[in-house]
Amino acid sequence: MPDVAVVGSGPNGLAAAVTMARAGLKVQVFEEAATPGGGLRTSELMQPGHLHDICSAVQPMALASPFFQDFELARRIDLITPELSFASPLDGGRAALAYRSLDRTAAGLGRDGPAYRRLMAPLVARAAGVADFTLNQLLRIPHDPVAAVLFGLRTLEQGSAAWNARFRDDLAPALLTGVAAHSVGALPSLAPAGAGLMLGTLAHAQGWPIPVGGSASIASAMVRDIEAHGGTVETGRRIDSLAELPAVRATLLDIAPPALLRLAGDSLPAGYRRSLASYRFGNAACKVDFILAGPVPWQAAELADAGTVHVGGTRAEMAEAENQVAAGKHPDRPYVLVSQPSRFDDSRAPQGRHILWTYCHVPAGSTVDMAEAVTAQLERFAPGFRDLVVQVQVTTAAGLAEYNQNYVGGDFAAGLMDLRGLVQRPVVSPVPWRTPLPGVYLCSSSTPPGPGVTGMPGFHAAKYALKDIFGLPLPRLGL
Ligand SMILES: Cc1cc2nc3c(=O)[nH]c(=O)nc-3n(C[C@H](O)[C@H](O)[C@H](O)COP(=O)(O)OP(=O)(O)OC[C@H]3O[C@@H](n4cnc5c(N)ncnc54)[C@H](O)[C@@H]3O)c2cc1C
């Protein structure tokens with residue numbers, strides 16, 4: 001009999017399983033899909049030899065996360081870190097470029113270079129403190145309070161009407177908005193500003209790595225470690241009630257709050273049930289994957305070297321697109337996130353071919369196919385793009401929700417990312433991973449620190465389960 005059951009094998013379920021197995025406990029993971037990984041799956045979506053990441057593609061948070069650092073991820077898999085972390089094209093063949101080097105980045109931003117440097121340099125100098133504050137747990141005293149204060153003040157500025165105050169041109173604002181808009185929400189507002197500054201800091205401090213072979217290599221490394229420590233991962237096994245699980249001492253659930261309500265039924269106290277029932281989800285993504293007959297013909301040639309491109313034009317245009325989504329509309333000119341992994345990793349597509357990973361934001365539950373709007377935005381900054389398209393596959397927001405029940409309505413953040421959503425995840429508590437049921441812990445990205453491939457929700461849940469139930473300290477996770 002296992003000691004521990006884990007439901008769901010996303011990065012957080014696997015992080016919880018790794019931690020529990022490393023502590024010497026017998027762990028069994030249950031995953032409803034045919035392969036483990038949740039948001040860490042890579043597959044031949046359309047044609048043999050073309051490897052697409054279904055969800056996450058670019059892994060700066062994994063590189064910076066305390067869990068993956070302890071796990072020594074960078075020694076277990078091959079990561080490619082482009083020198084040009086991310087970029088925003090503008091009309092007329094211009095582009096704002098975020099290199100790992102802050103100096104080189106500032107040098108390319110014209111009159112706003114010094115202002116961009118003054119914004120980012122103090123954060124980059126304290127990148128470990130920024131990562132600890134943002135990727136660990138918000139409701140506690142940060143390890144580097146100065147980093148937290150510097151970060152907080154800059155978030156207030158970039159998340160408010162003052163966001164243009166320090167800039168005179170359009171390059172630096174476009175660069176910052178492109179990265180902020182990773183977090184779905186109205187612009188300017190605090191949660192996207194914070195996400196943007198955190199991701200921007202990581203871009204300059206360490207870069208934005210792409211796993212060789214795709215993001216599934218992260219899940220494979222985690223599954224190997226679980227199995228090497230006596231655990232098992234059972235796929236094709238959907239859990240609909242806690243009663244279906246073996247009689248274990250601890251259960252860790254990589255699921256969203258509505259699923260916890262369903263799995264636990266009446267055994268949860270009424271107050272906690274009410275909190276789960278009122279948990280808010282955000283807007284969603286429409287994923288558009290391409291096979292191309294060549295690299296994207298960017299008008300700004302430097303973009304060929306960018307791992308990630310934020311396609312949407314100026315700060316005002318991207319804000320307009322995001323504000324339309326916030327108002328429940330589908331923008332004609334959406335903000336599009338683009339990753340071009342086959343530019344850096346030959347294993348991702350046959351010679352001469354390329355794959356392109358893109359998505360744009362849409363209202364929750366949307367069934368609208370955004371392929372044409374995404375293609376038009378790419379054509380705008382890369383004339384001739386349309387002629388290179390060999391095949392397209394679209395997953396609408398409704399399709400994403402069907403693909404993974406944690407993405408309620410297609411919300412891949414598994415919960416609204418506004419200020420309240422950051423602290424109430426799913427309840428306001430210094431230990432939100434504990435549920436009122438003894439031995440039952442929530443460990444999905446509906447708990448702190450929230451979305452992204454960090455493993456931290458799973459790591460935190462496992463830390464408390466080890467302490468509460470088994471009286472064990474955190475084990476060593478490295479090789
Ligand atoms: C299109 C897209 C692009 C993204 N890009 C990035 C990116 O580039 N970088 C980044 O850091 N993040 C990215 N993300 C976000 C990232 O993928 C998620 O934040 C992360 O995967 C959440 O991890 P998790 O373990 O909480 O849940 P998930 O990864 O969602 O995994 C949950 C797993 O649990 C399983 N499950 C749920 N309920 C049950 C049940 N009852 N029984 C059995 N199994 C169950 C699901 O099938 C799933 O496999 C992206 C997400 C999407 C959708």
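Residues numbered from 1 in each chain as written. Predicted model: local features only at pLDDT ≥ 70, side-chain atom pairs only at ≥ 80, totals over all residues. Heavy atoms only, no water.

Glancing now at empty space enclosed by the protein. For the structure shown, the criterion picks out three cavities of 30 Å³ or more. Approximately 70 Å³ is the volume found for the largest cavity. Mapped by element, the contributors of at least two residues to the lining of the largest cavity are helix 9 (171–180) and helix 10 (190–205). In terms of residue class, the lining of the largest cavity is built from five nonpolar, three polar and one charged. Of the voids in this model, the second largest cavity is the one considered here, and its volume is about 60 Å³. The wall of the second largest cavity is formed by Ser278, Tyr279, Arg280, Gly415, Leu416, Arg420, Gly421, Gln424 and Arg425. Tallied by class, the residues present in the lining of the second largest cavity amount to two nonpolar, four polar and three charged. (1 Å grid on protein atoms, 1.4 Å probe; cavity = no way out; pocket = protein on both sides within 12 Å on 5 of 7 lines; lining within 4 Å. Points joined across faces, edges and corners; volume = space filled by probe spheres on them. Helix = DSSP H or I, 4+ residues; strand = E, 2+ residues; numbered from the N terminus. Nonpolar A, V, L, I, M, F, W, Y, C, P; charged D, E, K, R; others polar.)

Before going further, it helps to spend a moment on the side chain of Gln28. Along the polypeptide, Gln28 turns up in strand 2 (residues 27–30). Here Glu234 takes part through its side chain, which lies 3.1 Å from a polar atom of the side chain of Gln28. With near-sequence residues (within four places) excluded, Gln28 lies in contact with Pro2, Val4, Ala5, Val6, Thr232, Glu234 and Pro246. (Polar contact = N/O pair within 3.5 Å; in protein donor to acceptor, adjacent residues only side chain to side chain. Contact = heavy atoms within 4.5 Å.)

Before going further, it helps to examine helix 8 (residues 145–158). Under the 1.5 Å per step criterion, the end-to-end length of helix 8 is 20 Å for 14 residues, consistent within 8% with the ideal 20 Å. The set of residues buried in helix 8 consists of Ala147, Ala148, Phe151, Arg154, Thr155, Glu157 and Gln158. On its buried face, helix 8 sits against helix 6 (113–125), helix 7 (127–135), helix 9, helix 10 and helix 14 (315–326). (Expected span 1.5 Å × (residues − 1). Buried < 20%, exposed > 50% of the residue type's maximum accessible area, 1.4 Å probe, protein only.)

Turning our eyes to something else, we now look at a nonpolar patch on the surface. On the surface, Leu138, Leu139 and Val428 cluster together into a nonpolar patch covering about 250 Å² of accessible area. With respect to the element layout, Leu138 can be found in the loop between helix 7 and helix 8. Here Leu138 falls in the partly exposed class, since its relative accessible area comes to 34%. (Patch = residues over 30% accessible without salt bridge, like charges linked within 9 Å, V, L, I, M, F, W, Y side chains within 5 Å. Areas by Shrake-Rupley, 256 points an atom, 1.4 Å probe, with all protein chains shown as cover. Salt bridge = Lys/Arg side-chain N within 4 Å of Asp/Glu carboxyl O.)

Right, let's talk about the nonpolar core for a bit. Looking at soluble globular proteins, one finds that nonpolar side chains tend to be buried together. By size, the foremost hydrophobic cluster in this structure holds 51 residues, and its most contacted members are Tyr116, Met120 and Trp208. Beyond its immediate stretch of four places on either side in the chain, Met120 contacts Leu102, Leu176, Leu197, Gly200, Thr201 and His204. (Core = buried A, V, L, I, M, F, W, Y, C linked by side-chain atoms within 4.5 Å.)

Turning next to the site of the ligand. As a structural note, the neighbourhood of the ligand is formed by 37 residues, with Glu31, Gly39, Asp254, Asn404 and Gly452 the closest of them. With respect to the ligand, the side chain of Glu31 contributes an N or O atom lying 2.7 Å from an oxygen atom. In this structure, an oxygen atom belonging to the ligand sits 3.5 Å away from a main-chain N or O atom of Gly38. For the ligand, the protein covers 97% of the area, taking 1,000 Å² as the surface of the free molecule. The element contributing the most residues to the shell around the ligand is helix 1 (residues 11–22), with three residues. Taken together, the residues that form the shell around the ligand break down as 15 nonpolar, 15 polar and seven charged. There are two domains that each give the shell around the ligand at least three residues, and those are domain 1 (4–42 + 214–281 + 414–470) and domain 2 (76–210 + 283–403). (Near = heavy atom within 4 Å. Domains from an automatic or database assignment.)

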